Amino acid sequence: MKLNSSALLTFLLFSFFISNGQEFKNNYTPLRSEGEVPLELKKLSAEKYELRKESFKKDARKMRKTKEELVLQSTFAIDELLLSGDVLFNDTIGKYVNKVAYELLKNNPALRSKLNFYIVKSSYINAFTTERGAIFLSLGLISKLNNEAELAFILSHEIIHYQENHILNGYIETSKIKKEKGKYKGQSIKEKLLSRSNYSKDLELEADNKGFHLFTKSPYNPAAAISAMEVLKYGSYPFEDIAFDYSFLTHSLYSFPNSYRLDTVQTIDSEEDYDDSESTHPNIRKRKEQLKELVTDSSNTAFFIVSESSFNHVREICRFEVLNNFTSDRDYGMAIYHNYLLQQDYPDNLFLKTNLGYLLYGLARYKSNKNQLSVLRKYSKEQGEFQQLLYLLNRLNDEELAAIAVDYLYRLHTTNPSNPFIEKIMLDAFRTLIHDEEKRINYYVTKSEIEAILKKNAEEMLADPYANIDTTNYSERQKAKLAREVRRQQKKKEEKVQFDQFVFAEVLTEPKFDSIFKLITAEVENISSDEKSYFEISKENSIRKRKRTKFGVSLNADKIVLADPYYSKIDERKEIQTKYIKSEKKQLSFRESVYENAERLELEVEVLGKKKSVKSDINRLNEISISNTWLEERANHDYIKIIPYNYQFMKPLSDSYGTNYFAWMGLLNARLKTEFNPTAFFVSLFSIYGLPFYLTSLLTPDYATYYYAIVVNVETSEVLIEENNYLSTRDNNDLVQSQIYDTFFQIKRKKDYTK
C-alpha cells in the first residue's frame, strides 16, 4: 500500500511517540553528556579573556575598564560552570532546545550564530543569560512546561537579555549605584538595594516586552507567553497535583490507620501579587498584565512546531532527572511524591522502583537517627495533595518505615537478584529494622495468623466502655462531651493495632527472607556497644572516630583517583578579590606538583578522565559529574551512617579505575587586609623601639593559606583522611609541595601510627 506524504508523517510521528513511551516503560538511564566538548572550552580561560579584551581597546578608559572587569569575572565563572559536570553537552534535551531556538531565529542567522544553549542539571526553575551568549535552562524549568510554545517564549526572553546587552548594562548600573555616582549620590544602603532592584525589574520587563515581539514573529501561539508565567507562578509545586493513594506504599494484607490521614489538604494558592520591592524580578501579576496588553488577535495558533512528541519525550526525561536531583539533595518527601506521579504512567519501571526503595530506606535511616527534619519537609507548610503524603511520612515512626522499606526492597530484590545496589540497600534496611532490639522475627505475623488477630482487634474496637451509661439526664453539653470521649477512645484503640506486624505477612514464611532476617539479627547482636552507638545516632562518636593523631593515618594504598585539584588566589584589598588569571596558572602548577609527589612516593594517581586509555573530554566531564554529586551527597549526610543514593553510579566508576579510594584536594591563598589598630599605635608611641616595629608590621602584608584534602572509600563511604590546614603564610612552592606530600604519604604508608 502506498502512503501519501501526510499519512507517512503521521505514521512516523506516531511511531516516534510509541518508541519514546517504550523507552520509559521498563527502565531509565540517567542523562550524560555526549559527543565532543566545544573546542572553545579546551582553551584556558585566561586566553579567552585576553582575546575578548582586544575588542574593547577603542572604548573610553572608564567603559573599557568596566567591560574588562565584567568579562574577566564572567569568562572564568562560565567556564567553571561549563566544566563542572553540572552542564550537559550534545544531549537529547539540548538538541531539542536548539531546534526551538532555530525556529525563533531562522530569519536572523547572525544572532543565532552568537548564541549557545545549555541544560543545567538542576531541579530549580531557572533560566539565565550571560554576556558572551551562553544561555542556560534548568531541567526543573523544562519539566514543568505545558508545551513547546512556552519554551519558545522563555528562550525569546533570554535572547533579548543578550541582544540588548542587559548583562553589561546591569553591571555598569550596579557599579554606579555602589559608587554613588550621578543620581545615586548619597543613597543609604537600603536605597541602594531598592535602586538595584528597580533597575533589574525594568530590564526584566523590557525582556518580556521585546521578547514577546520576537516570539510573535514565529508561528507560536501568543497565549503561551501568559501561560509560561503560570508555570513560574506554580514552579515550587510538583508538576501535577493528584490525590496520593496510600496503597502505593502498602500491599493487600495491611493498610495505614485512619489517624495517619489528613481529613483535608490545603488548596494550592500561589500568590502572584507578592511584594517585589527588593526582588530582581517583577512579580508575576505585573508581568502577566504587561503581556496581556501586548496580546492581540493573531493567526498564530501553534503550540508545537518542532514536534509535540519530541517535547513530551524531552519533558519526561527532565522529570526523571529532577527525581534524581530531589533524591541526591535529600528532599525525600518531594522525591517520593514525584516518583508516585511518574509511576502512574510507568508502574513497571525499574529505575523508579529502585528509587522508591532507596527513599524508603533513606527516610527510615534518618528517622532512626532522630534527624528526619533534615530530609522531610513539615507538612503544615505545604499545600496540595503532596501535603497528604508528607503527613503520612511524618506520622510513620522509624520502625514502621524500616519494616515497609525491608518488605519493599526484599520483594524488589527477589525479582532483580543480580542488581547489587538493590541488594546492598536491602541488607542495610534489614539492619535498620533489626537494630531495635524489640523487633525480632517473632514480632511479625504470617498470612495465616492475620485473621485471628483482626478478629480480636475488631471485638476490642466494638466494645464500648460507655454503653451502659444512662444519659437520660445529661445536658446537650454533657452528651457532646461524652461523644468526644467515645471518639477519642476509639481512636486510641485503632492506634493500638500495630499494622507493621502485618507488613511481612506474604514473605515471612519464605526460607530466603527467614535466612536474611536471622543472619542480620546475629550480625547486629555481635556489634560491640561502641559500634552500636555509632550505628544508631552518635554525632560525637562519629567525629571522635575521624580524629587522628599527629602522625595522621595509614591507608597502605597503591592507587587513588583524584578529582581535578582546586586552586584559588584572592586579595581582600581589591574590589574584585579573586585573582582569576593567577589562580588558573597556579592550578596548572598544582597539578604538576601532584604528579611529582605521587611519583616520588610510587603512588599511582589517576586524575578523573585523564587515563592513558582512549577517553574523550566528555567522559571526563561525566566522571566529574558523578564523583562530585556523590561527594556532595555524602557530605550532606554528615554523621548519618547511610549508603548514598549515588553509590549505584559511583561504584561502577571506581571499579573502572580499579580502586575504592577517591580524593579531592585544593588550596586557597588570601592576601589579607592590613587593619590599622589605633590602640597598638598609641601604645607604641611610649616606647622608643615600639613605633618602628609597629610600622614594620603594618607595612608587612598578611597572608593566609588554607589547604584541604579529603580521601573517601567509595565502598564504605567512610572518610579516611580529612585535612583542613590553616597557615598564616604565603603559598610558596615548598609549602604546596609539603602539603601534597604529607597527604600522599598517609595514603601510601603501611604502618598505622594511630594505634
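Residues numbered from 1 in each chain as written. Predicted model: local features only at pLDDT ≥ 70, side-chain atom pairs only at ≥ 80, totals over all residues. Heavy atoms only, no water.

> Sorry if this is basic, but what is going on with the overall build of the chain here?
Secondary structure assignment for the chain yields 28 helices and 10 strands. Evaluated residue by residue, the chain yields a buried proportion of 49% over its 755 residues. Counting only contacts in the chain whose residues sit at least 6 apart along the sequence, the fraction spanning at least 24 positions is 76%. A total accessible area of about 38500 Å² is found for the chain, and carbon and sulfur atoms account for 51% of it. (Helix = DSSP H or I, 4+ residues; strand = E, 2+ residues; numbered from the N terminus. Buried < 20%, exposed > 50% of the residue type's maximum accessible area, 1.4 Å probe, protein only. Contact = heavy atoms within 4.5 Å. Areas by Shrake-Rupley, 256 points an atom, 1.4 Å probe, with all protein chains shown as cover.)

> I keep staring at the nonpolar core and nothing clicks. Help me out?
The nonpolar side chains of a soluble globular protein tend to be buried with one another. Ranked by internal contacts, the top residues of the largest apolar core, which has 142 residues, are Ile93, Leu137, Phe215, Phe256 and Phe504. If one sorts the elements of this core by residue count, helix α14 (residues 350-368) sits on top with 11 residues. When neighbours within four sequence positions are excluded, Ile93 is seen to be in contact with Leu31, Ile119, Leu139, Ile142, Val314, Ile317 and Cys318. If you look at the next biggest cluster of nonpolar residues, it comprises 24 residues, including Tyr567, Val736, Ile740 and Ile747. (Core = buried A, V, L, I, M, F, W, Y, C linked by side-chain atoms within 4.5 Å.)

> How should the packing of aromatic side chains be read in this particular structure?
Aromatic ring pairs are reported here in terms of the distance separating the ring centres and the angle at which the planes meet. Applying the stated rule across the entire model yields 47 aromatic pairs. Centroid distance Tyr443 to Tyr444: 4.9 Å. Interplanar angle 90°. Geometry classified as edge-to-face. With relative accessibility at 14%, the residue Tyr443 sits in the buried group. By relative accessible area, Tyr444 is classed as buried at 4%. Relative to Phe590, the ring of Tyr567 has its centre 5.7 Å away and its plane inclined at 65°; by these criteria the two rings are edge-to-face. Within this pair, whereas Tyr567 is found in strand β6 (residues 566-571), its partner Phe590 is found in helix α23 (residues 580-600), the two being separated by 23 residues in sequence. Of the residues examined, Tyr567 reaches a relative accessible area of 6% and is grouped as buried. On the accessibility criterion, Phe590 (1% relative accessible area) is buried. Against the face of Phe649 rests Arg32, its NZ or CZ located 5.7 Å from the ring centre. Sitting over the ring of Tyr246, Arg261 keeps its end group 4.2 Å from the ring centre. (Phe/Tyr/Trp six-rings, centres within 6.5 Å; stacked < 30°, edge-to-face > 60°. Lys NZ or Arg CZ within 6 Å of the ring centre and 35° of its normal.)

> Would you take a moment to explain the environment of Glu50 for this structure?
For Glu50, the location among the structural elements is in helix α2 (residues 45-53). With relative accessibility at 36%, the residue Glu50 sits in the partly exposed group. When the C-alpha atoms of Glu50 and Glu68 are compared, they prove to be 9.4 Å apart, with 18 residues separating the residues in sequence.

> Could you clarify how one ought to interpret the packing of helix α3 (residues 61-82) against helix α8 (residues 166-179) in this entry?
When two helices pack together, their arrangement is given by the angle between the helix axes and the distance between those axes. α8 packs onto α3 with a crossing angle of 115° between their chain directions and a minimal axis gap of 10 Å. Relative to α8, α3 is oriented roughly perpendicular. For the pair α3 and α8, the crossing hand works out as right-handed. Contact with α3, carried on its side by Met63, Thr66, Lys67, Glu69, Leu70 and Gln73, involves Ile167, Leu168, Tyr171 and Ile172 of α8 and no other residues of that element. Residues that form the contact of α3 with α8 fall into these classes: 6 nonpolar, 2 polar and 2 charged. (Axes fitted to C-alpha atoms, helices over the stretch in contact; angles between N-to-C directions. Parallel < 35°, antiparallel > 145°, perpendicular 65-115°, else oblique. Left-handed = near helix turned anticlockwise from the far one by under 90°. Nonpolar A, V, L, I, M, F, W, Y, C, P; charged D, E, K, R; others polar.)

> Can you walk me through a positive patch on the surface in this structure?
On the surface, a cluster of positive charge is contributed by Arg61, Lys62, Lys65, Lys179 and Lys181. Position of Lys65 among the secondary structure elements: in helix α3. (Patch = residues over 30% accessible without salt bridge, like charges linked within 9 Å, V, L, I, M, F, W, Y side chains within 5 Å. Salt bridge = Lys/Arg side-chain N within 4 Å of Asp/Glu carboxyl O. Lys, Arg positive; Asp, Glu negative; His and termini not counted. Charge placed at Lys NZ, Arg CZ, Asp CG, Glu CD.)

> What exactly am I supposed to notice about the packing of α14 against helix α17 (residues 420-434) here?
Axis separation between α14 and α17 bottoms out at 10 Å; the angle between their running directions is 25°. In this view, α14 runs roughly parallel relative to α17, as classed from their interaxial angle. Here α14 and α17 pass one another in a crossing that is left-handed. Between α14 and α17, the residues in contact are Leu350, Thr354, Gly357, Tyr358, Tyr361, Ala364, Arg365 and Ser368 and Phe421, Ile422, Ile425, Asp428, Ala429 and Thr432, respectively. Classifying every residue of the contact of α14 with α17 by side-chain character gives 8 nonpolar, 4 polar and 2 charged.

> Mind showing me how you'd approach the sheet that holds strand β3 (residues 127-129) here?
Pairing between sheet strands relies on hydrogen bonds along the backbone, with the strands arranged either parallel or antiparallel. One open sheet holds the 4 strands; their spatial order is β1-β2-β4-β3, and the pairing between them is mixed. The open sheet terminates on both sides in strands that have one partner only, identified here as β1 (87-88) and β3. Judged from the 3 bridges that link them, β3 and strand β4 (residues 134-138) form a sheet pairing that is antiparallel. Within the sheet, the bridge partner assigned to Thr129 lies in β4 and is Ile135. Contacting β1, β2 (116-120), β3 and β4, α3 runs over the sheet at an angle of about 45° to β4. Packed on one face of the sheet, helix α4 (residues 92-105) meets β2 and β4 and runs near 140° to β2. (Pairing = 2+ DSSP bridges.)

> What exactly am I supposed to notice about the side chain of Arg620 here?
Structurally, Arg620 can be placed in helix α24 (residues 617-637). Owing to a relative accessible area of 13%, Arg620 belongs among the buried residues under this scheme. Within the structure, the side chain of Arg620 is placed 2.7 Å from the side chain of Asp564, a separation counted as a polar contact. (Polar contact = N/O pair within 3.5 Å; in protein donor to acceptor, adjacent residues only side chain to side chain.)

> Could you clarify how one ought to interpret the pattern of salt bridges in this entry?
For side chains bearing opposite charge, pairing can occur when the charged atoms are close. Overall, the coordinates contain 37 salt bridges when judged by the stated rule. Among the ionic pairs, Glu575 bridges to Lys178, the shortest N-O distance being 3.9 Å. With Glu575 in the loop between β6 and α23 and Lys178 in helix α8, this pair connects stretches of sequence that are 397 residues apart. Here Arg431 makes a salt bridge to Glu523, at a shortest N to O gap of 2.6 Å. You can see Arg431 sitting in helix α17 and its partner Glu523 sitting in helix α20 (residues 511-525), a full 92 residues away along the chain. Through salt bridges with shared partners, a single ionic network connects Glu230, Lys233, Glu272, Asp273, Arg285 and Lys288.

> It is not clear to me how the confidence of the model for the chain should be interpreted in this structure. Could you clarify?
The predicted structure's coordinates, where accompanied by low pLDDT, should not be read in detail. The predicted model of the chain averages 86 in pLDDT, with 84% of residues at 70 or higher. Put simply, helix α22 (residues 539-546) is where the chain has its lowest mean pLDDT, 44, and helix α13 (residues 332-343) is where it has its highest, 98. (pLDDT = per-residue confidence, 0-100.)

> Could you clarify how one ought to interpret α13 in this entry?
The periodicity of an α-helix, 3.6 residues per turn, causes residues three or four positions apart to be oriented the same way. If you check α13, its first and last C-alpha atoms are 16 Å apart, about what 12 residues at 1.5 Å a residue would give, namely 16 Å. With 12 of its 12 residues buried, α13 lies for the most part within the structure. Within the span of α13, buried status applies to Tyr332, Gly333, Met334, Ala335, Ile336, Tyr337, His338, Asn339, Tyr340, Leu341, Leu342 and Gln343. (Expected span 1.5 Å × (residues − 1).)

> For this particular structure, what's the right way to read unusual backbone geometry?
With the exception of glycine, most residues fall at negative phi, and the peptide bonds are largely trans. Although it is not a glycine, Asn556 adopts a positive phi angle of roughly 55°. Note on placement: Asn556 falls in the loop between α22 and β5 (559-562). The phi torsion at Glu602 lies on the positive side, around 55°, for a residue other than glycine.

> Sorry if this is basic, but what is going on with the pairing of β6 here?
On a regular strand, one side chain projects to one face of the sheet and the next to the other, so that they alternate. In terms of burial, β6 is a largely internal element, 5 of the 6 residues being buried. The pairing of β6 with strand β8 (residues 661-672) spans 6 bridges and is parallel. Within the sheet, the bridge partner assigned to Ser568 lies in β8 and is Leu668.

> Could you clarify how one ought to interpret the pairing of strand β9 (residues 702-713) in this entry?
Where β8 meets β9, 12 bridges bridge the pair, whose relative direction is antiparallel. Within β9, the position partnered with Met665 by the bridge is Ala709. By the bridge criterion, 8 bridges tie β9 to strand β10 (residues 719-727) in an arrangement that is antiparallel. Bridging across to β10, Tyr707 finds its partner in Asn725.

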